[in-house]
Amino acid sequence: MTRVAGGNVTLHDARTKSRRSVGLEPFEIGVFAVTQEQLAEILGVSAAFPRRPASDVSWLRAVHFCNAASEWEGLDSAYSFDGEDVTWHLDSDGYRLPTEAEWEFACRAGSTTPHYGPLADVAWTSADGVSAPQNVGGKHPNLNGLFDTLGNVWEWCWDLLDPARYNDYRVFRGGGFADDAWSVRASVRRGGAPRMHHDDVGFRLARGGFDSVDAAQGWSAATDQERAERGGPNPFGWTPRST
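So, here is what we can say about the structure in this document. (Residues numbered from 1 in each chain as written. Predicted model: local features only at pLDDT ≥ 70, side-chain atom pairs only at ≥ 80, totals over all residues. Heavy atoms only, no water.)

1. Side note on a negative patch on the surface
No. 1: Together, Glu-25, Asp-76, Asp-91 and Asp-211 make up a region of like negative charge exposed at the surface.
No. 2: Here Glu-25 lies in the loop between strand S3 (18-24) and strand S4 (27-29). (Patch = residues over 30% accessible without salt bridge, like charges linked within 9 Å, V, L, I, M, F, W, Y side chains within 5 Å. Areas by Shrake-Rupley, 256 points an atom, 1.4 Å probe, with all protein chains shown as cover. Salt bridge = Lys/Arg side-chain N within 4 Å of Asp/Glu carboxyl O. Lys, Arg positive; Asp, Glu negative; His and termini not counted. Charge placed at Lys NZ, Arg CZ, Asp CG, Glu CD. Helix = DSSP H or I, 4+ residues; strand = E, 2+ residues; numbered from the N terminus.)

2. So, the pattern of salt bridges
No. 1: Counting across every chain of the model gives ten salt bridges.
No. 2: When the shortest N-O distance is used, the salt bridge between Arg-108 and Glu-104 registers 2.9 Å. With a gap of four residues between them, Arg-108 and Glu-104 both fall in helix H3 (residues 100-108), about one helical turn apart.
No. 3: For Glu-104, a relative accessible area of 2% translates into the label buried. (Buried < 20%, exposed > 50% of the residue type's maximum accessible area, 1.4 Å probe, protein only.)

3. Quick word on the nonpolar core
No. 1: Ranked by size, the top nonpolar core spans 30 residues in total, and within it Trp-59, Phe-65, Tyr-79, Trp-88, Leu-97, Trp-156 and Phe-203 carry the most contacts.
No. 2: Looking at this core, the elements with two or more residues in it are helix H1 (36-43), helix H2 (59-72), strand S6 (85-88), strand S7 (154-160) and strand S10 (201-203).
No. 3: Sort the elements by how many residues they give to this core and H2 lands first, with seven residues.
No. 4: In this structure, Trp-103, Ala-123, Leu-161 and Tyr-169 belong to the second largest nonpolar core, which totals 14 residues. (Core = buried A, V, L, I, M, F, W, Y, C linked by side-chain atoms within 4.5 Å.)

4. Things to note about the side chain of Ser-220
No. 1: With respect to the helices and strands, the residue Ser-220 is situated in strand S13 (residues 219-220).
No. 2: Within the structure, the side chain of Ser-220 is placed 3.2 Å from the backbone nitrogen of Thr-223, a separation counted as a polar contact.
No. 3: Leave out the neighbours within four places in its chain, and Ser-220 touches Asp-214 and Ala-215. (Polar contact = N/O pair within 3.5 Å; in protein donor to acceptor, adjacent residues only side chain to side chain. Contact = heavy atoms within 4.5 Å.)

5. Structural notes on the packing of aromatic side chains
No. 1: Applying the stated criterion across every chain, the model contains ten aromatic pairs.
No. 2: Both rings, one in Trp-59 and one in Trp-158, keep their centres 5.7 Å apart while their planes meet at 40 degrees; by these two values the pair is tilted. Residue Trp-59 is located in helix H2, and its partner Trp-158 is located in strand S7; the two are separated by 99 residues in the primary sequence.
No. 3: Of the residues examined, Trp-59 reaches a relative accessible area of 1% and is grouped as buried.
No. 4: Judged by relative accessible area, which is 3%, Trp-158 ranks as buried.
No. 5: Ring centres 5.4 Å apart and planes at 70 degrees place the aromatic pair Phe-65 and Phe-203 in the edge-to-face group. With a gap of 138 residues between them, Phe-65 in helix H2 and Phe-203 in strand S10 connect regions that are remote in the sequence.
No. 6: Ring pairs connect the aromatic residues Trp-59, Tyr-79, Trp-88, Trp-158 and Trp-219, which therefore count as one cluster. (Phe/Tyr/Trp six-rings, centres within 6.5 Å; stacked < 30°, edge-to-face > 60°.)

6. A look at the sheet that holds S4
No. 1: Spatial strand order, S1-S4-S11: three strands in an open sheet with antiparallel pairing. In this open sheet, the two edge strands, each paired with only one partner strand, are strand S1 (2-4) and strand S11 (206-207).
No. 2: When S1 meets S4, the two strands line up antiparallel, connected through three bridges. Residue Val-4 lies in a different strand from S4, and its bridge partner there is Phe-27.
No. 3: In the packing of H3 onto the sheet, the strands contacted are S1, S4 and S11, and the crossing angle to S4 comes to about 70 degrees. (Pairing = 2+ DSSP bridges. Axes fitted to C-alpha atoms, helices over the stretch in contact; angles between N-to-C directions.)

7. Let's talk about the sheet that holds S10
No. 1: The strand order S9-S8-S7-S10 describes an open sheet built from four strands, whose pairing is mixed. Every other strand in the sheet has two partners, leaving strand S9 (189-192) and S10 as the edge strands with one partner each. Looking at each pair of strands side by side, their axes are set apart by 50 degrees on average, direction ignored.
No. 2: Two elements, S7 and strand S8 (residues 170-173), share three bridges in a ladder whose sense is antiparallel. Following the sheet pairing, Trp-156 is matched in S8 by Phe-172.

8. Considering the packing of H1 against H2
No. 1: Running from N to C, H1 and H2 point in directions that differ by 65 degrees, and their axes come no closer than 10 Å. With respect to each other, H1 and H2 are oriented roughly perpendicular. The two elements H1 and H2 cross, and the hand of that crossing is left-handed. For the pair formed by H1 and H2, the contact residues are Gln-38, Leu-39, Glu-41, Ile-42 and Leu-43 on the first element and Arg-61, Phe-65, Ala-68, Ala-69 and Trp-72 on the second.
No. 2: A class-by-class count of the residues in the contact of H1 with H2 yields seven nonpolar, one polar and two charged. (Parallel < 35°, antiparallel > 145°, perpendicular 65-115°, else oblique. Left-handed = near helix turned anticlockwise from the far one by under 90°. Nonpolar A, V, L, I, M, F, W, Y, C, P; charged D, E, K, R; others polar.)

Take a look at the structure:
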């Protein structure tokens, strides 16, 4: 883990064509994505390629891993569960997923361009011709000392993707080994349902507790509710919201 100083980041939503500026308090984030070796040690599963990022991991499994890692180190759990409904306890200093704002701020490391360095030097992408995630740390880090925030595997975040359109889908960021340069940018947003898992999606841990209720580090429960409320029938292809 490394500590990232607070600051501001501007987030962009392509569908709604909206931008918002977010102020962040200092937080910690993993230098690498969680590896197969780490997943195996905490959850007791096999690790065919120990130094590759753990991928094919659903969002729900990622948040359960966060709690297991916290328990392993004697920290308070960041999450509690009611079935598949997950509550983030903001004052916990245990391991958790980064918010989308934290992730982008940490990835950019002060850069205002799509990539924090020449893409061939910092990210595993389709241009490398690889067929699977590669060992973490094989490319150059950004100025925060983080490896592979772009390319290799997408990384789950805490936030909902677009609750009006996609219901409970969660965000993943950063692009993967099979993506071209257009998708491997600091601002690109993708997502999936909490139980979905893909061979190019993993996650990175964050830490930091906040003295607030239902809002922290660019995320807000009230804003999620506002974003989910949309009058009239859903357009064709939109995910029906559960009642």
